[in-house]
Amino acid sequence: MIREEKKKVVDKKLEGVAYNTSNLLLRLLRYDPGNKKINIICRGVHIKVSGIDNMIIRCDDADILEVEDYGLPYGDIMEMYLPFNAKSLDPTSQELADRINKDEVFKKYNSIVLIGVGEGGLYMVNTTKFLHRKVRIATIATPFQGTLMASTRFVNRKAKNPIDKIIYSQIQRRYNLPNRIISGEKFDYGIKFFYLTKHCWINFVASHGKAKTLKEALQNHFAKKIFANLDNDGIIPVTSQECDREEVSQEIKIIASHDESLFKALEYFKG
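Please read these numbers as outputs of a predicted model, since none were measured by experiment.

Trainee: Hey, could you go over helix 2 (residues 90-102) for me, with residue numbers and the actual values?
Mentor: With 13 residues, helix 2 should reach 18 Å at 1.5 Å per residue; the first-to-last C-alpha distance of 17 Å fits that figure. Among the residues of helix 2, Thr 92, Ser 93, Glu 95, Leu 96, Ala 97, Arg 99, Ile 100 and Asn 101 are the ones counted as buried. Elements in contact with the buried residues of helix 2: strand 1 (17-20), strand 2 (25-30), strand 3 (37-42), strand 6 (76-81), strand 7 (111-117) and helix 3 (119-127).

The structure is reproduced here in structure tokens:
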């Protein structure tokens, strides 16, 4: 399923903002006082919002979703957005953990599910360093070993024709690249996986299927060139998404592009 791209969102108000600092933005999409479960979803989208009127100042070239886009049948839904120009995972991860540990709004939940896509998955895993309670975690198309797609220097050596440069320019705007958090060169994010032993962790590994449009075909060809024929989701190679560790409760392979991997993985949560 290919979603239609939505209109530009800069200079529009972001509804439902519940928490906003330089490190972390949380947006509450669905809340029912009777719900005992909350899904906190980070799609790896970077955003900057005015602290006065919640107007969007800057945002990746990505969709702003609403509650119906997720299609989750039950539980509250909260979105997590990332800061631009982050230098490490800890400030954002600790702020999220502090909210879960201390805020009254989270005390009513007996089930907290952290869902992270791409870069968002790294933040969700890292959050366990600071959590005081057990959660469920789903990482989706997450670059545990980084991705060279985030290194402009590397990509420019591989992609030299005009079409490649146009495709990469679009990818850069959509995923805030170059990005030192997920760069595949000298990659070290400092996650301590042993903190995950007390949590239930599912890891989804995505690789794109047959292209449905010319745009997809061009992007797939570009990714194949960058990753030297390694399976990938268009942004992250499969070898980086896989996490052969005892802390992983289950690893599930899905056929989806990076953009569609969240919605493919969410099908497992609807059963």
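Trainee: I'd like a description of the pattern of salt bridges, backed by residues and values.
Mentor: Proximity of charged atoms lets side chains of opposite charge pair with each other. In total, this model carries eleven salt bridges according to the counting rule given. Taking the shortest distance from any N to any O, the salt bridge between Arg 43 and Glu 79 comes out at 4.0 Å. Here Arg 43, found in the loop between strand 3 and strand 4 (47-49), pairs with Glu 79, found in strand 6; they are 36 residues apart in sequence, far enough to count as distant. Relative accessible area serves as the criterion here: at 1%, Glu 79 is assigned to the buried category. The residue Asp 259 makes a salt bridge to Arg 174 at a minimum N-O spacing of 3.0 Å. Of this pair, Asp 259 sits in helix 8 (residues 258-266) while Arg 174 sits in helix 5 (residues 162-175), and the two are 85 residues apart along the sequence.

Trainee: Outline the confidence of the model for the protein chain, listing residues and values.
Mentor: Taken over all residues, the pLDDT of the protein chain has a mean of 91, while the share at 70 or more is 94%. Highest mean pLDDT in the protein chain belongs to strand 6 (98); lowest belongs to helix 6 (residues 214-226) (90). Low pLDDT, under 50, characterises residues 1-6; the predicted model gives this stretch 17 contacts beyond four residues in sequence or across chains.

Trainee: I'd like a rundown of helix 8, residues and numbers included.
Mentor: Here helix 8 lies mainly inside the structure; seven of its nine residues are buried. Buried within helix 8 we find His 258, Glu 260, Ser 261, Leu 262, Phe 263, Ala 265 and Leu 266.

Trainee: Summarise the environment of Gly 118; cite the residues concerned and give the values.
Mentor: Among the structural elements, Gly 118 can be located in the loop between strand 7 and helix 3. As for Gly 118 and Gly 146, which are separated by 28 residues in sequence, their C-alpha atoms are 9.7 Å apart. Dropping the residues within four chain positions of it, Gly 118 is found in contact with Ile 140, Ala 141, Thr 142, Pro 143 and His 258.

Trainee: Go over the sheet that holds strand 8 (residues 136-140), please, and point to the residues and values.
Mentor: With mixed pairing, the eight strands of this open sheet are ordered in space as 1-2-6-3-7-8-9-10. On the outer flanks of this sheet lie strand 1 and strand 10 (250-255), each paired with one strand and no other. When the angles between neighbouring strand axes are averaged without regard to direction, this sheet yields 20°. Note that strand 8 and strand 9 (residues 200-207) share five bridges and pair parallel. Residue Ile 137 lies in a different strand from strand 9, and its bridge partner there is Trp 201. Set on the sheet, helix 8 makes contact with strand 3, strand 7, strand 8, strand 9 and strand 10; between it and strand 7 the angle comes to about 155°.

About the cut-offs
Residues numbered from 1 in each chain as written. Predicted model: local features only at pLDDT ≥ 70, side-chain atom pairs only at ≥ 80, totals over all residues. Heavy atoms only, no water. Helix = DSSP H or I, 4+ residues; strand = E, 2+ residues; numbered from the N terminus. Expected span 1.5 Å × (residues − 1). Buried < 20%, exposed > 50% of the residue type's maximum accessible area, 1.4 Å probe, protein only. Contact = heavy atoms within 4.5 Å. Salt bridge = Lys/Arg side-chain N within 4 Å of Asp/Glu carboxyl O. pLDDT = per-residue confidence, 0-100. Pairing = 2+ DSSP bridges. Axes fitted to C-alpha atoms, helices over the stretch in contact; angles between N-to-C directions.

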